Amino acid sequence: MRWILTALIFLFGLLDLFMGLNFLFNPQTTATGFGLAATGTQGMSTLRADFAAFFGVVALCMMLGAWRRNGDLLLVPAALMGTAVTVRAISLALDGTYPGWQVPMLVEALHVALLVAAWRVLPHHKIEELTS
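Trainee: How do you make sense of the overall build of the protein when you look at a structure like this?
Mentor: A count of helices and strands for the protein gives 6 helices and 0 strands. Taken over 132 residues, the protein has a buried fraction of 30%. When contacts within the protein are restricted to residue pairs at least 6 apart in sequence, long-range pairs at least 24 apart make up 64% of them. If you sum the accessible surface of the protein, you get close to 8,100 Å²; carbon and sulfur atoms cover 69% of it. For the protein, the separation between the mean place of its 7 positive charges and that of its 7 negative charges on side chains is 10 Å.

Trainee: I'm lost on unusual backbone geometry in this one. Help?
Mentor: A negative phi holds for most residues other than glycine; trans holds for most peptide bonds. With phi around 55 degrees, arginine 69 is a residue other than glycine that occupies positive phi space. Within the secondary structure, arginine 69 sits in the loop between α3 (40–68) and α4 (75–95). Looking at arginine 69, the relative accessible area reads 37%, which means it is partly exposed.

Trainee: I tried to follow the nonpolar core on my own but got confused; where do I start?
Mentor: Within soluble globular proteins, side chains that are nonpolar generally end up buried alongside one another. Within the largest apolar cluster, 12 residues are counted, these being Leu5, Ile9, Val58, Met62, Ala66, Leu74, Ala78, Met81, Leu114, Leu115, Ala118 and Leu122. Contributions of two or more residues to this core are made by α1 (2–25), α3, α4 and α5 (102–121). Phe23, Ala31, Ala38 and Leu47 belong to the second-largest nonpolar core, a separate cluster that totals 5 residues.

Scoring rules and cut-offs
- Residues numbered from 1 in each chain as written.
- Predicted model: local features only at pLDDT ≥ 70, side-chain atom pairs only at ≥ 80, totals over all residues.
- Heavy atoms only, no water.
- Helix = DSSP H or I, 4+ residues; strand = E, 2+ residues; numbered from the N terminus.
- Buried < 20%, exposed > 50% of the residue type's maximum accessible area, 1.4 Å probe, protein only.
- Contact = heavy atoms within 4.5 Å.
- Areas by Shrake-Rupley, 256 points an atom, 1.4 Å probe, with all protein chains shown as cover.
- Lys, Arg positive; Asp, Glu negative; His and termini not counted.
- Charge placed at Lys NZ, Arg CZ, Asp CG, Glu CD.
- Core = buried A, V, L, I, M, F, W, Y, C linked by side-chain atoms within 4.5 Å.

Below, the structure written as structure tokens:
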């Protein structure tokens, strides 16, 4: 079970790494798939910086956590993806749906479920130890 979770986290991390690299090197095209468009140089800079940072940090923590069998590192991407899926749910309530809205929420929810499950299985500190 531990090996399967570790492998899945590493694969999800690779997916996120490629997503971050796509935003870094090809932001305009990648952003279109997210329903975004850059307006000018500032918009391109924001796409590159914010999305490459988000997906890059998620990927790095997932892949290092899986490689080192360190459950503590998995809490960072779990928090980021958990925040993303929660805010998407709020946006659905406030703004309504759009075609294909289920896919990003499913991907983010899968990330959270996988990361929390792996955190429980892999060696980790108790939450109280991390927050004190």
